Each structure stands twice: as C-alpha cells, then as structure tokens.
Amino acid sequence: MIEPVDNRWNGTANQKYRVIEPNKFQQLVFVLLDGATCPKHYVITVIASLIGYIHSQLNHADWSGCDQIASSSVLISSIRSSLVYLRDQADYVSFYLFAPSRLETLIKESFCYLRKQNEMSLAEAMQKYAEQGSSDCEAGGSVTKPNLFKTWTAPFKREKLPKILAGVAAVWSVMVSEDVSSTGKFFKPHCIQVLCVLRLLGSDSDLSGVSKQLAQVLTGQGKSLVLALIATILALTGHEIQLVCYNEYLVKRDAKDFADLYELFGVKDAIQYGTFDNMANAIIAPEVDGKRKSLRSFVMDLVLEEPDGKRPNKPKAKVQDNSVLLMDEVDVFFTEDYYGSVYCPTTYSYILGLEEIQAEIWYAVNNLGEHDVQRVTSRIETFMSSSPRFGNRTLFSMLFLSKRGAYDLLVNTDNGYVRKSYTNKSLFAEHLNLMISNAIQVATKPSQFKDYKLNHEGAITRKIDEKWETGVINDYLSTFNYFRLKKDYFIRRVSTGDNYGYLYLGCGSISYAMLPKAFPLILGVTGTLTSLNQYEKATIERLYNITKSSIMPTFFGCSNNRFNPTEDFTLHSKRPLWLGKIFSQAYAAVTAKRAVLIFFFNGNLLEEFRAQYCGQLDRLQVLTENTPATQQEHLINEAGIAKTVTLATRGMGRGVDYKSSVAVEKSGGVHVIQTFFSLDVREETQIRGRTARKDNRGSYELIVYDVHLKAARLVEATGRPVSYAQLDAARASKALNENRNIEESIRKNTEEHAATMEFLQSFFK
C-alpha cells in the first residue's frame, strides 16, 4: 500500500513514504493496534501544525476578538494556498524541518507572486515591442463578414477578436487559479502573451484575413499558452488545428495541460497535437468513407489481401481550406534535421512461417558459418520445400508461392523512388536475398551494430540519436541483431514489439519541407527566431511565403540570464582536466546551496562523468531521452531543489521547464553547465535558457574539450588558444555552408515526395 520515497531521509526516523492505494491505507489506519505507528505525511503534518497555531491564537487571552479573527483568517487562507507550493520542498518531512525556510513568507515569496509584482506595465510592453523591431509587408484593405480566417475583416480583428480572446483567457485563468483563488489572486496571461496572440492573428492589420507569420517568445515565457489561446480561438471560428513540435515530450505535456480548456469550449476534436513525424503520417493517411486509412495499409493489402477489383472512393485530404498549422519551436523545423531531410514510412506484418525461415537463416550463417549468399539461399529453399522442421510450410506456401496477380510497389533505387511490378513470389525472392545479406552482415561485423540492444522485456531496440526505440525497422538488421543478442530461446514477440517473423516493406519518402506548404495558414513561435541566418530566412520566405515576423520582449523588460564569453567559457586540452573542471564548478554551486544542471553531448559522456564523480555528490540524478515518461516529470521537478545535481543529455536542454525552489533562488538560482560546443547557436541559447527563466536568478557557463572541437572541424590541430568568439564565427560559417547544400537535398526530396503522393493516389478511382 505504500512505498518509500527516494530522498536524503532514506533509512532514518524521518523516512518518507508515498501511498499507492489510499483507500486500503485509510482502512488500515482505523484498525491499527495500540502502539503501532503510521508513516508520516509531510503535507498533513505541516497543515496540522498550522491548525495548531490557529487554535492557540484563537484561545490567546491578550488579543482582541477582531484581531484574533482577522489573523486566524489569514492563516486559514494560507493553509489552502500553501498546498500548491509545499511539493517544492520534497526533502522536508515535518513542520519543524520546514520552518527554517521561512514558512511565514512562503506565499508572499512564491514565484507567481514575485513575477506578478515585477512584470512590466502595458505601456512598457508596447514600447519594448516597438523597440524590438518587427517586419511585415502589408497595405490597407478590408472585406466582409468574417468566418474562416481568410474572410476576417479589420473591424472583426480589432473589435470582436479581442473580446473572444478575453473570454478564452478568462476561462483559462479561472481554471488554473483554483488552488490560489481564495487569496483573491488569479493567474492571467501576461500582456506580452496577449500582444503576441493579437499580432499573430492580424489585429494590427488593415488587410483582410490573417497572414502567415512567426514570432519570437523567449524561453520560459509562455509559448505553449500563446499557441493554446490561438488554437482555441481558431477552433471556435471553425478551423481545424494541427499543432506540432519536434519533441514528443513537449507535445504530450502541452496536450495534457490544455485538454480541459479545449474540452470546456467543445473544440477538443478540432485541435490535434503531434510531432513533425505525426504530421507526416497524417498527410499519408487520407479519410476514406469517414475513416482514416494510411498508405501503409494500402501497401500491405497489396501483398496480404486477395484483390477484389474494387477501388475506394476519392479520399478527403487531411488539409482543407480551414486547416491551420501552428508550430512550436519552429526554428528547429528549419534545420537540416527536418526541412532538409525526409520521413520514410514503412510497414511490416507478421507472416506465419517466416519466423522459422529467418531462424534457419541465422542458424546457417551464425552456427554453421556459411557466408555465401547463394549457398545460404539454396539451403533455405530446400528447407522451405522439404524439411520436416518447417512446421508452417502449407500456410506459408499458400501466401507467398501462389500465382496471384502482379502489383506495383514503390522502391528506393539509385535513381530515387520508382514504381516496380511484383508478384508475391518475386517479392519474397528479393526479400529472402536481403534477409540473407543482412544476416551475414550482422554475423561477420557485429561491432557495426552497437546501436542495438534488448530492453528489459527482451525486445530488440535501436538507438536513434540518444533514445532507444522499439519498432524501428532497418531492413532485416533488427531481426538478426535480435538473434545475435538473444543467442537462444528466441521469443518472436513481447509486449513492447516484434523481434522477428515479419515482412518489411518501404512505402516511399515524405519531404518534411513539403508538409507545411499544404496548409493555407502557418503561425509559429520560437525562443530563437533572431538566430536564423540569412539563408534560413530566405528559404522560409521562398518556400512558405512567410514574410512577417514579430519579436516579443521579455515579460520583465530584461533578463537575469548573463553570459560573459571571457569569464564563463573554459577550453581544456586534457580529458581529466575537462571532467575535473565540470565537477569542481558543480561542487562549488551545490556547496552554495544552489541546484546544478549539467548537459552532455551524449549518454556515453554523461555516464563517464557519473561513474567517476557520483560518490562525491550527495543528490545526483540522471535525466535523458530514455528516462521513462513516468519518471521524467518527477526528475524535472526535483532538479531545482537545493544541492541537487542533474546530469542531462542535450535533448533535455530544450523546452523543458526546470523549476527552482525558493531556497535555491535565494542562493543565486540554478547553475547550468554545458560541456560541449553546439554547432547550432540556437541549441546553446536554449540550454542557456534552462536557468534564469522568467525573472528568476541563475548562471550559465561553457566548459569544452578541444578534441571534440577538432572532431567537429571548428578548430585546427595546432594547439593554439581559441576564444569563444572564434568558435562562434566558425560555427556560423559552417552552418551557412551546410545550408547552401540543403537546397539540392530539398529538390531531390521534393521529387521523391511527389512520387510517393502520386503512388498514394493510384489506390483510388
């Protein structure tokens, strides 16, 4: 019914527990025998102590009745308001341990209160916005009755739209202020957020409609709320919203945070959150007779289903005239990883009997040492035709060796994606050859496949960037790496994925760059819009006709985030000195009762540091893309507690809202250490933005190893000192050269994208 909480009180009289089954636990409390003790509940003990003070105060003989009632009322209100903040002090397990942190001023010093006091006025916001410099290319004009965004008139945008926004914002304010409303205070969108919404929706324009536009909203200053308010307004006026972000964690977080708001307004079905990959999948999954059917299903049906001569009706496209694309962290999309790359949809299906064939291939290649493709092929053909060990020969032969008609598949060749005609027999012959080639490759060159491993359930996983993923099929390499790692007692399928026995088919290539072009309206926000280089800006205008941009100032007029390239940059030529400097700086920060975030380029470097220094840091936690979702939120919240050091990979340095406790703020805020030099300045900006968020305090420094700089070709192997300014100039030049090469990639990707979409259309009348 309970489990111990992992903190510094483990194994002591102050051990803290989490109740797993509250109902059973409550029943147990009533039947405890005399002398039995109940594990302490921190929040209950704090509230009980506060109630005790109220009781004492009400019975104090020297106070007047009015004073006693007034002061007791304040304390009662404080109990309710304190609940939302008590969790910030996870290490305190009793009122007396919490008291030194000045409980009497906890509410007054809460971040929400302080931020509200320090926020700039509306007049200051307008002045700062004008100083930032925004661009557009509009003239005057007006149209008639507004409905969809294309018909919105200037009077509608200036008179009715602000009222709609005010109503939506008021509802959100009431919903999120439930825990503090008794104090008479409410969380409200900041005037900068309101300004951003109105700007993106064209309230300052005399032209009809809404123009495509991007806006910069600094890190930690409410991009998610800006997009949620826009999404709600557009959905209420009849639009279908696709809200996308590169990061799955951020997508799920924001979808959860605003689900109740969308539900209350009845627009939940009109607003879809997803990653860029989700957007690509939606494009190749048109609506047919009221249901979505993907290109993957059409392709697999060609192979597995008997043809009936019928074709489905013309599909309904995913993107309509009322479709709007809202992009979070939009600058990430305009990098080589996305708009210069492709998404390649694939499909696979378990085929009865194929698991026996693949196991036989591995036995021949690995156990018998047969590495000639033709000889292995001959052995497998004999196995399929006459071996008594092939238990599913009859069912397998009916599907793959029958004389069904021919069909076309889209295949990748040296000349790009082309249509190729197959029968089931010729398709299997081609794939059998591929399976054998893959098996030989895995058996003879296992060192090439360090990015494969088995997870805790025994499913084969592959490392993509820094995350271990199941269900990532790379031809049949996953199959034979499973056999290599498992060695024996093979299990075809576990709950987290298929290991072998499947037929794998490619379905074409989708260009990320082409996806936004289908949407009649694109609105995007990011914290680093001003970091786009000249090539990226030109590409955005040329490809997507986005000619407007808005630069929103910080909520508080200025940022507490400071970086001095001379004092806060350290370069080491020896690995022990590099790691030692990282540790010494982190140790100095935790000694000062601060919290520390250390970002590493990859998990291997993180683990090297952790293994060497974990014994010298009391509160050390690890946060990576592979951390289970159920633990991520807990570790993120714990990262801001005093004397906590959090080791994180670079993927956790963008969009994650690390909160700091009151005690940490008093000691100087969170200290961020970046241990590598980002090739993209926007990544560095985002990592730096994990501290001193909003008007918090904090510091940042960069500690790098010159071997990594040489590997990235940012410096020459001369051994001469290098400054931050030199590295910054080198990466800017490198990025510009790489961007020039992206144009050719986009041209090739566009051709393959068109071939894929044409292939999809071939399934319809």
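Residues numbered from 1 in each chain as written. Predicted model: local features only at pLDDT ≥ 70, side-chain atom pairs only at ≥ 80, totals over all residues. Heavy atoms only, no water.

### Some remarks on the sheet that holds strand S8 (residues 323–328)
Within the open sheet, the 6 strands sit side by side as S5-S4-S8-S20-S3-S21. Their pairing is parallel. If you trace the sheet from one side to the other, it starts and ends with strand S5 (271–274) and strand S21 (548–551), each paired once. Averaged over all pairs of adjacent strands, the angle between their axes in this sheet comes to 15°, without regard to strand direction. Bridging between strand S4 (residues 240–244) and S5 involves 4 bridges; their strand directions are parallel. When the sheet's bridge partners are listed, Leu243 is paired in S5 with Tyr273. Contacts from helix H8 (residues 191–200) reach strand S3 (213–216), strand S20 (521–526) and S21, with the element oriented near 165° to S3. Along the sheet face, helix H9 (residues 223–236) touches S4, S5, S8 and S20 and points at about 175° away from the line of S8. (Pairing = 2+ DSSP bridges. Helix = DSSP H or I, 4+ residues; strand = E, 2+ residues; numbered from the N terminus. Axes fitted to C-alpha atoms, helices over the stretch in contact; angles between N-to-C directions. Contact = heavy atoms within 4.5 Å.)

### What about a nonpolar patch on the surface?
The grouping of Met1, Ile2, Tyr17, Val19 and Leu28 at the surface amounts to a nonpolar patch, some 360 Å² of accessible area in total. Mapped onto the elements of the fold, Tyr17 is located in strand S2 (residues 17–19). (Patch = residues over 30% accessible without salt bridge, like charges linked within 9 Å, V, L, I, M, F, W, Y side chains within 5 Å. Areas by Shrake-Rupley, 256 points an atom, 1.4 Å probe, with all protein chains shown as cover. Salt bridge = Lys/Arg side-chain N within 4 Å of Asp/Glu carboxyl O.)

### Brief notes about the pairing of strand S27 (residues 698–705)
Two faces make up the sheet, and in a regular strand the side chains alternate between them. The element S27 is largely enclosed, with a buried count of 8 among its 8 residues. Going residue by residue along S27, you find Gly698, Tyr700, Leu702 and Val704 tucked away on one face and Ser699, Glu701, Ile703 and Tyr705 tucked away on the opposite face as well. Across 4 bridges, the pairing between strand S22 (residues 569–572) and S27 is parallel. Counterpart to His572 in the pairing with S27 is Tyr705. Note that strand S26 (residues 670–674) and S27 share 5 bridges and pair parallel. Following the sheet pairing, Ile673 is matched in S27 by Glu701. Considered for its hand, the β-α-β crossover made up of S26, helix H25 (residues 681–688) and S27 is right-handed. (Buried < 20%, exposed > 50% of the residue type's maximum accessible area, 1.4 Å probe, protein only. Right-handed = clockwise from strand over helix to strand, strands pointing away.)

### What to know about the sheet that holds strand S14 (residues 460–464)
The strand order across the open sheet formed by 3 strands is S13-S14-S15, and the pairing between neighbours is antiparallel. Two strands bound the open sheet, and with one partner strand each, they are strand S13 (452–454) and strand S15 (467–470). Averaged over all adjacent pairs, the angle separating strand axes in this sheet is 40°, with direction ignored. The sheet contact formed by S13 and S14 spans 3 bridges and is antiparallel. Paired with Leu454 across the strands is Ile460, a residue of S14. Where helix H19 (residues 477–486) meets the sheet, its contacts fall on S13 and S14, and the angle it forms with S13 comes to roughly 55°.

### With respect to the confidence of the model for the chain
Residues shown with low pLDDT carry predicted positions that ought not to be read at fine detail. Per-residue pLDDT for the chain has a mean of 85; in total, 85% of the residues score no lower than 70. Across residues 100–117 the pLDDT falls below 50, and counting only partners more than four positions away or on other chains, this stretch makes 34 contacts in the model. In the predicted structure, residues 137–146 sits below a pLDDT of 50 and forms 27 contacts with residues beyond four places in sequence or in another chain. (pLDDT = per-residue confidence, 0-100.)

### Structural notes on the nonpolar core
One finds Leu326, Tyr339, Ile357 and Ile361 to be the most contacted residues of the largest nonpolar core, which totals 159 residues. Non-local contacts of Tyr339, meaning those with residues more than four positions away in its chain, are made with Phe333, Phe334, Tyr512, Ala513, Tyr535, Glu536, Thr539, Leu543, Tyr544, Asn739, Ile742 and Ile746. Listed in part, the 20 residues of the second largest apolar core include Leu579, Phe583, Leu647 and Ile673. (Core = buried A, V, L, I, M, F, W, Y, C linked by side-chain atoms within 4.5 Å.)

### A closer look at the pattern of salt bridges
As a working rule, side chains carrying opposite charge can pair if their charged atoms are close by. On inspection of all chains with the given rule, the structure shows 34 salt bridges. The shortest N-O distance in the salt bridge between Asp204 and Arg199 comes to 2.4 Å. Salt-bridge contacts for Glu751 lead to Arg747; the nearest nitrogen and oxygen are separated by 2.7 Å. Placement of the pair is Glu751 and Arg747 together in helix H27 (residues 724–761), with a separation of 4 residues, close to one helical turn. Classification of Glu751 as partly exposed rests on a relative accessible area of 48%. We classify Arg747 as partly exposed; its relative accessible area is 40%. When salt bridges with common partners are traced through the structure, they connect Lys223, Glu329, Asp331, Glu536, Arg654, Asp680 and Arg682 into a single cluster.

### Looking at the packing of helix H15 (residues 354–367) against helix H18 (residues 424–444)
Relative orientation of the contacting elements H15 and H18 amounts to 40°, with a least axis distance of 9 Å. With respect to H18, the axis of H15 lies oblique. In the crossing of H15 with H18, the sense of the turn from one axis to the other is right-handed. Contacts between H15 and H18 pair Leu354, Ile357, Gln358, Ile361, Trp362, Val365 and Asn366 from the former with Phe428, Leu432, Met435, Ile436, Ala439, Ile440, Val442 and Ala443 from the latter. Class assignment for the residues of the contact of H15 with H18 results in 13 nonpolar, 2 polar and no charged. (Parallel < 35°, antiparallel > 145°, perpendicular 65-115°, else oblique. Left-handed = near helix turned anticlockwise from the far one by under 90°. Nonpolar A, V, L, I, M, F, W, Y, C, P; charged D, E, K, R; others polar.)

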